[in-house]
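Residue-level listing of the chains:
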Amino acid sequence: MSLPESPFSCLCLHFLFSLSSALLFPSYWFIDRLLSCAVFTTIERYHRPGLRFLCLLLGVPLFLLLFILSLPLGFFGFLIWAPLQRLRRPFSYQNSVKTPDLPERILSGECSFIFISANLCLLPDGLARFSNLHHTQRRSAAISQLLCSSSEPAKNNCEDTVPMCSTEDVLPMIEIPYKTERDSSTEGDVPFEVSLVFPQNADFVCLQEVFDGRASRKLRRCLGPTFPHILYDVGPSGPHGCGFRFFNSGLFLASRHPFMAAKYYFYPNARGEDALASKGLLCVKVHIGMTKQKQKIVGYINCTHLHAPESDAVIRCDQMSLLLRWVLDFQSQYGEDGDLVAFDVLCGDLNFDNCSTDDCMEQKHQLFSVYKDPCRDCAGQDRRGAVVHPPQMGLSLPRGYQHSSHS
């Protein structure tokens with residue numbers, strides 16, 4: 001089972017989508033430049049007053065004029081682009097492996113799998129400035145280099161422990177054992193270790209807020225040689241339901257291991273500024289290898305980005321309940337008899353932390369009885385050494401090492 005690379009069922013639709021995107025790009029770029037000239041970061045506001053004056057005096061009227069002139073072309077592109085959003089699959093797939101029949105990877109003993117998860121806030125530059133960030137393209141290039149430096153091929157990817165990583169400003173390192181032959185007496189006895197060292201030899205990179213198309217291309221070019229399997233442009237844009245989504249979900253998943261199945265689930269209850277993006281849950285089944293007895297070894301990765309406004313705890317809790325149901329549905333649909341499940345991981349930006357009293361409803365959610373948060377002892381108390389910057393929270397949660405049924 002393999003995924004199609006194009007999000008469209010035929011080449012003609014793919015060509016029309018590329019054409020419409022090209023027609024829309026000038027308007028998109030000019031409005032982005034206009035916002036960049038009008039919105040300033042703290043550094044620019046206090047340390048570059050001259051540049052700020054020039055941008056307001058020259059940049060704003062220039063890019064406003066260019067945007068107005070580009071509108072007819074952009075409107076024509078939009079008329080093609082919008083209906084195509086309803087016809088596309090909710091993700092694109094980059095497959096850098098061109099050899100169709102690779103030998104099965106035989107695994108024996110204990111194996112290591114390393115996960116990286118991070119919210120990058122790679123919005124268009126004009127919008128990123130509202131979060132006091134700028135130079136999206138420069139940041140995406142720097143992030144690409146950092147991720148590439150962490151993805152040098154492993155000397156031995158079957159070692160004594162399984163470090164699993166989650167990054168949200170910091171990187172906890174979690175060690176979890178996986179063996180092709182399990183000792184049932186040790187199941188559930190999972191040791192954890194938290195570290196701030198950026199991981200090397202990563203197997204999977206799960207990113208959030210990769211909204212900007214050019215930033216996504218930089219990441220794919222850089223990561224492609226090491227991570228030949230990449231899912232990007234996840235989630236529908238354009239008219240969706242009763243509203244309009246200006247952005248996709250921003251989820252981005254890169255893997256060393258081939259995808260066997262993938263499905264995207266859209267959260268229906270977003271509101272406010274979060275309703276401008278198609279936030280949801282990406283569920284993926286990956287093929288890890290085979291045992292000597294020819295049993296298939298697989299893993300499940302679930303990546304999400306929950307509702308952001310701090311006052312909307314009920315919406316986040318509802319989304320977590322939907323998430324648990326969708327994970328079960330996905331694994332029931334794509335799980336096969338005889339699969340050995342090496343890991344079942346949930347990662348992403350949950351938009352709450354484990355210590356703030358305002359987040360007590362989310363902290364007590366059923367999610368944490370199904371998945372294990374490596375940085376938390378219990379609701380309201382983190383493990384010693386864990387560092388989280390509220391209100392953002394990134395999780396890499398191991399569960400179900402023997403089979404895909406929920407505990």
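Structure report, in brief. If you're wondering where the values come from, they're calculated on a predicted model, not measured in any experiment.

Turning our eyes to something else, we now look at the pattern of salt bridges. Summed over the entire model, instances satisfying the criterion amount to 10 salt bridges. With a closest N to O distance of 3.6 Å, arginine 33 and aspartate 32 form a salt bridge. Residue classification places aspartate 32 among the buried residues on the basis of a relative accessible area of 4%. A salt bridge links arginine 129 to glutamate 44; the nearest nitrogen and oxygen atoms lie 2.5 Å apart. With arginine 129 in the loop between helix H4 (125–128) and helix H5 (136–149) and glutamate 44 in helix H2 (residues 42–47), the pair connects residues that are 85 residues apart, well separated along the chain. Residue arginine 129 is classed as buried on the basis of its relative accessible area of 8%.

Tracing the chain through its elements places leucine 253 in strand E9 (residues 252–255). By relative accessible area, which is 1% here, leucine 253 ends up buried. Between the C-alpha atom of leucine 253 and that of isoleucine 301, which follows or precedes it by 48 residues, the distance is 9.3 Å. The residues contacting leucine 253, other than those within four sequence positions of it, are Val205, Cys206, His229, Ile230, Leu231, Phe259, Leu282, Val284 and Ile301.

Moving on, we come to the environment of leucine 69. Within the fold, leucine 69 resides in helix H3 (residues 49–84). A sequence separation of 42 residues divides leucine 69 from serine 27, and the C-alpha atoms of the two residues are 8.6 Å apart.

Rules behind the numbers
Residues numbered from 1 in each chain as written. Predicted model: local features only at pLDDT ≥ 70, side-chain atom pairs only at ≥ 80, totals over all residues. Heavy atoms only, no water. Salt bridge = Lys/Arg side-chain N within 4 Å of Asp/Glu carboxyl O. Buried < 20%, exposed > 50% of the residue type's maximum accessible area, 1.4 Å probe, protein only. Helix = DSSP H or I, 4+ residues; strand = E, 2+ residues; numbered from the N terminus. Contact = heavy atoms within 4.5 Å.

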